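Chains, contacts and geometry: an overview
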Amino acid sequence: MSARTLAGALGDLIHRQTGPLTRDLLRTPGHFGLGQVPARLAPDQTTTMVCGYCSTGCGLTVHMKEGQAVNLSPSAAYPVNLGMACPKGWEALTPLRAPDRATTPLLRNARGKLEAVNWPEALQAMVGRFKAIAGRHGPASLAFLSTGQIPTEEMALLGALAKFGMGMLHGDGNTRQCMATAVVAYKQSFGFDSPPYAYRDFEESDVIVLIGANLCIAHPILWERICRNKNNPAIVVLDPRKTETAAAATHHFALTPKSDLVLLYGLANRLIRMGRVDRAFVDAHTNGFADFEAHVAAFETEQVCAASGLTAAELDTLAQVIAGGKRVSLWWTMGVNQSHEATRVAQAIINIALLTGNIGRPGTGANSITGQCNAMGSRMFSNTTNLLGGHDFTLPEHRRKVADVLGIADEAIPQTASASYDQILEKILGGQIRGLWVIATNPAHSWINQSYARDILGRLDFLVVQDMYATTETAEQAHLLLPAAAWGEKDGTFINSERRVGLLKKVARPPGLALADFHIFRLVAEAWGCGDMFSRWTSPEAVFNILKDLSRGQPCDITGIRDYQMLDRQGGIQWPFPAAAGPQAPAVERRLFEDGVFFHKDGKARFIFDAPRPPPEVPSRDFPLILLTGRGSSSQWHTQTRTKKSPVLRRLAPAEIYLELSPVDARALGITMGEIVEVTSRRGSIRARAFVTNIVKPGQIFIPMHYEKANRLTFPAFDPHSRQPSYKYCAVRVARVDPAMA
Ligand SMILES: Nc1nc2c(c(=O)[nH]1)N[C@H]1C(S)=C(S)[C@@H](COP(=O)(O)OP(=O)(O)OC[C@H]3O[C@@H](n4cnc5c(=O)[nH]c(N)nc54)[C@H](O)[C@@H]3O)O[C@H]1N2
Ligand SMILES: Nc1nc2c(c(=O)[nH]1)N[C@H]1C(S)=C(S)[C@@H](COP(=O)(O)OP(=O)(O)OC[C@H]3O[C@@H](n4cnc5c(=O)[nH]c(N)nc54)[C@H](O)[C@@H]3O)O[C@H]1N2
Ligand code: SF4
Ligand SMILES: [Mo]
């Protein structure tokens, strides 16, 4: 398209988004600041929207003055958080005003420097370079890496644009680092990616088992929901570390890292021998129990204790507590999903819920807790691994259905799912992928085995990074930076851990020339020449209506949600909510499988299991310690691009990288509290401050992922079924720094 029509389309979009603007603004980079009244809100009022950090999905009430969001408070009426929020939620507006916001597109010039350009120039550069690459190497030489942190409507537009419009075969997201294991485990076991619970189950259990999940830090408001439980529940934590959650639990079993599979099989064996099998449930609603029973029979106490580090008495207690529960819920997060055999561990948890009949009733379930605010949206609608709406790229009838809803040709839809994140990086290394578009994720900090990741990103012919900041580790490597509006500056929906579709709203103006990701995708579509394909995708709410149609007849059917207002009134609505359910509002909290019918064709859940395997890199004489990584505090978010912009949050967490080291190891190494030490793996060496603590057991150290150097050490192992990275296990050594060198 010509520059004139492009500028016209752009003007039209910006006009609609922000009110009258002169055309000159499109051509000249510059600031027009926050501060004008977003079109749909009165100047002074409050409005409730979903938080943009974690998957808990708290409702935050934003206070407006003269059209600006000036403050916020947790919403008491929202069914998720009931008036509570964690520090990140309270401080959610601060990162929007950071001085390093990306306010204009930046293009790398001939001298290798990023230089401000206007939108038409940026779009021309992106489309020109990408088309040249695709022309020479085919459309499969372009790929995208996206996120669980933008609204579902934006994800769907990106996925449809990239794959159906621009012809890309491959696109994945940071949800691969996070939820891929739960997705595969649920699909294989239940027939669809379907976390079955409502948060109320936390309040209704008499036994709560948390496996590799540190709720107090990572999902603080879900921990608050546990605290509302009136049944005096047993709270059992399976975590190698004595985390804040473990310390507050009634039982903590500090299992050896990556021994979960052996332990859970041993536990299943015990429960079966204790006569704790719910025969009626197993017979009516599951397949494969007899084989599973035979498989776990070999997991005797001695072997299980040797592998897990638990004593026989501890194993006994664990089995007794679970066997004694009438309403047992089992919850897991990254301690499970990030492992070399993660999918089978997740399914070992599912198997325990199935065999004890702890599913489909209040206070029960095999429950994966999601990570990012919209990881669940990306699982259903990002068009990466699944075809839009939880469909399957490989099934002709699914491709036809999606093509019909979208009014496109079947042939526009790829017949295979995308390569996974790690495979995309391998393809860059192999020269098959040469152009990459990174949206709302920061792989140059968060991907496993960093020096390799950065080297790979550095090999691209053209790297486009679309972010709200120009200063992220990945943005620094970009050839083109596209400035994005952030949470609070745009409309759309997120889906939280309990499958609740919640609303977000524009309560602030994006800075400078930054645009909502939604509008950036629309502009790229126009510039690419496939704008016609998206003529109905005019606004987030128009896309929401398309997504409803795509979900029809699927387990995640949301055709009953009339419009955004209905979401606003109800405090979000969980899927499924099909139109067939009738016009009445749905119950506030609903769980799946109350009828015992699962999503496989025969309606039955499956027992799936495998032989345990050792991790690919284990401690040795030279690297005697195990490195664990994860979340460090409730006020730090991932790579900290947002949370470090808040002075309040900064004060709540250590400014520099540290490691948890046991007193036993510290003594043996001659290391004292607070000393700077060197941590070395086969992939790299970093310096960090020693925090000597009994949180970790001897032989293990822990480093939070929030500091850029953490992933220089990690070992790139992947679960073979989910391709999720195993961030939480590799071999390292720790040494004092020679005082002369310190
Ligand atoms: N404050 C804050 N909250 C967040 C995030 C954040 O960055 N900051 N991120 C969000 C996201 S995207 C996610 S995915 C979630 C993650 O939430 P969590 O999974 O709860 O957090 P992690 O700290 O990564 O890992 C949890 C625990 O797994 C344990 N673990 C390590 N290895 C093993 C093992 O082999 N077996 C078992 N059983 N446990 C093991 C670790 O010791 C750790 O305590 O948090 C979400 N919430
Ligand atoms: N060692 C180790 N590494 C880990 C983990 C671990 O436990 N240990 N956990 C893994 C997990 S579970 C996850 S989820 C990943 C997270 O890894 P990342 O996704 O890389 O981390 P974030 O810091 O959340 O990056 C989000 C980026 O999006 C930008 N952004 C925010 N909002 C918007 C928006 O609306 N639009 C646009 N365009 N940009 C936006 C932010 O500025 C930031 O640069 O890390 C993984 N890495
Ligand atoms: S718990 Fe999660 S959703 Fe709730 S306020 Fe904190 S970061 Fe936001
Ligand atoms: Mo995550």
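Residues numbered from 1 in each chain as written. Chains lettered and ligands numbered in written order. Predicted model: local features only at pLDDT ≥ 70, side-chain atom pairs only at ≥ 80, totals over all residues. Heavy atoms only, no water.

On to the site of ligand 2. Neighbouring ligand 2 are 34 residues, the closest being Gln149, Asn174, Ser446, Asp467 and Thr639. At 2.8 Å, a side-chain N or O of Asp517 approaches a nitrogen atom of ligand 2. For ligand 2, a nitrogen atom lies 2.9 Å from a polar atom in the side chain of Thr629. Look at ligand 2: alone it shows 920 Å² of surface, and the protein chains cover 99% of it. Of all elements in the fold, only strand E15 (462-467) and strand E21 (625-630) reach the threshold of two or more residues within the shell around ligand 2. Looking at the shell around ligand 2, its residues break down into 12 nonpolar, 16 polar and 6 charged. (Near = heavy atom within 4 Å. Polar contact = N/O pair within 3.5 Å; in protein donor to acceptor, adjacent residues only side chain to side chain. Areas by Shrake-Rupley, 256 points an atom, 1.4 Å probe, with all protein chains shown as cover. Helix = DSSP H or I, 4+ residues; strand = E, 2+ residues; numbered from the N terminus. Nonpolar A, V, L, I, M, F, W, Y, C, P; charged D, E, K, R; others polar.)

Right, let's talk about unusual backbone geometry for a bit. Residue Pro576 follows Trp575 across a cis peptide bond; omega there is 0°. Structurally, the position occupied by Pro576 is in the loop between strand E19 (573-574) and strand E20 (605-606). Unlike most non-glycine residues, Asn383 shows phi in positive territory, near 60°. Position of Asn383 relative to the elements: it lies in the loop between helix H18 (375-381) and helix H19 (396-406). The class for Asn383 is buried, based on a relative accessible area of 0%. One non-glycine residue, Arg723, adopts positive backbone phi at about 55°. Here Arg723 lies in the loop between strand E25 (700-704) and strand E26 (730-736). Judged by its relative accessible area of 24%, Arg723 is partly exposed. (Buried < 20%, exposed > 50% of the residue type's maximum accessible area, 1.4 Å probe, protein only.)

Quick look at the domain arrangement of the chain now. Under the domain assignment, the chain is made up of domain 1 (3-97), domain 2 (106-178 + 373-579), domain 3 (180-368) and domain 4 (625-736). Between domain 2 and domain 4, the C-alpha centre-to-centre distance is 31 Å. Across the boundary between the two partners, domain 2 contributes 21 residues, which contact 23 residues of domain 4. For the pairing of domain 2 and domain 4, the buried interface totals around 1900 Å² over both sides, and the portion due to carbon and sulfur atoms is 53%. Our count for the contact surface shared by domain 2 and domain 4 stands at 2 salt bridges. We note a salt bridge from Glu708 to Arg454, for which the minimum N-O separation is 3.4 Å. Joining domain 2 to domain 4, the criterion identifies 16 residue pairs in polar contact (both at pLDDT 80 or more). Residue composition of the side of domain 2 that touches domain 4, grouped by class: 5 nonpolar, 12 polar and 4 charged. (Domains from an automatic or database assignment. Contact = heavy atoms within 4.5 Å. Buried area = accessible area lost by both parts, 1.4 Å probe. Salt bridge = Lys/Arg side-chain N within 4 Å of Asp/Glu carboxyl O.)

With that settled, consider the confidence of the model for the chain. Chain-level statistics for the chain give a pLDDT mean of 94 and a share of 94% at 70 or above. Within the chain, no element has a lower average pLDDT than helix H2 (residues 24-27), which sits at 35, and none a higher one than strand E8 (residues 207-211), at 99. Taken together, the stretch residues 1-8 has pLDDT below 50 and engages in 11 contacts with residues farther than four places along the chain or on a different chain. When the criterion is pLDDT under 50, residues 11-37 qualifies, and its contacts beyond four places in sequence or with other chains add up to 61 contacts. (pLDDT = per-residue confidence, 0-100.)

Attention now goes to the side chain of Ser141. Along the chain, Ser141 turns up in the loop between helix H4 (119-137) and strand E6 (142-146). One polar contact links the side chain of Ser141 to the main-chain carbonyl oxygen of Gly138, over a distance of 2.5 Å. Here Ser141 is in contact with Ile133, Ala134, Gln432, Ile433, Arg434 and Gly435, once residues within four sequence places are set aside.

Reading across the sheet, the 7 strands line up as E5-E4-E16-E15-E14-E6-E7 and stay open at both edges, with mixed pairing between neighbours. Two strands bound the open sheet, and with one partner strand each, they are strand E5 (114-116) and strand E7 (170-173). Each strand axis lies, on average, 15° off the axis of its neighbour in the sheet, ignoring direction. Running at roughly 140° to E15, H4 makes contact with strand E4 (106-108), E6, strand E14 (435-439), E15 and strand E16 (480-483) of the sheet. Most of the contacts of helix H5 (residues 152-165) go to E6, to which it runs at about 170°, and overall it touches E6, E7 and E14. (Pairing = 2+ DSSP bridges. Axes fitted to C-alpha atoms, helices over the stretch in contact; angles between N-to-C directions.)

Strands sit in the order E17-E18-E19 across an open sheet of 3 strands; the sheet is antiparallel. Edge positions in the sheet fall to strand E17 (489-495) and E19, since each has one partner strand and no second. Note: E17 against strand E18 (residues 500-506), 5 bridges, orientation antiparallel. Looking at the pairing, Thr493 lines up with Leu503 of E18.

With that out of the way, let us pick up the site of ligand 3. All residues in the neighbourhood of ligand 3 are listed as Cys51, Tyr53, Cys54, Thr56, Gly57, Cys58, Ala85, Cys86, Lys88, Gly89, Pro220 and Ile221. Going through the elements one at a time, helix H3 (87-90) and helix H9 (220-227) are the ones with two or more residues in the shell around ligand 3. Grouping the constituent residues of the shell around ligand 3 by class yields 8 nonpolar, 3 polar and 1 charged.

With 9 of 11 residues buried, helix H6 (residues 180-190) lies mostly within the body of the structure. Three or more residues of H6 are buried, namely Ala180, Thr181, Ala182, Val183, Val184, Ala185, Tyr186, Ser189 and Phe190. Along its buried surface, H6 packs onto strand E12 (328-332), helix H16 (334-337), helix H17 (342-355), strand E13 (365-368), H18 and E20. Positioned one or two residues after H6, Gly191 has a phi angle of 90°, which is positive.

One way to put it is that helix H11 (residues 260-273) packs onto helix H13 (residues 289-296) with a least axis distance of 9 Å and a crossing angle of 110°. One element, H11, and the other, H13, form an angle in the roughly perpendicular class. Residue-level inspection shows Tyr265, Ala268, Asn269 and Ile272 of H11 in contact with H13, the latter providing Phe289, Phe292, Glu293, His295 and Val296. Residues belonging to the contact of H11 with H13 are distributed by class as follows: 6 nonpolar, 2 polar and 1 charged. (Parallel < 35°, antiparallel > 145°, perpendicular 65-115°, else oblique.)

On to the pairing of strand E9 (residues 234-238). The side chains of a regular strand alternate, residue by residue, between the two faces of the sheet. Counting buried positions over the 5 residues of E9 gives 5, a clear majority of the element. Every second residue of E9 is oriented toward a common face, with Ala234, Val236 and Leu238 on one face and Ile235 and Val237 on the other, all of them buried. The sheet contact formed by E8 and E9 spans 5 bridges and is parallel. Opposite Ile208, over in E9, you have Ile235 as the bridge partner. Pairing of E9 with strand E10 (residues 251-253), which is carried by 3 bridges, proceeds in the parallel orientation. Pairing of Val236 across the sheet is with His251, part of E10.

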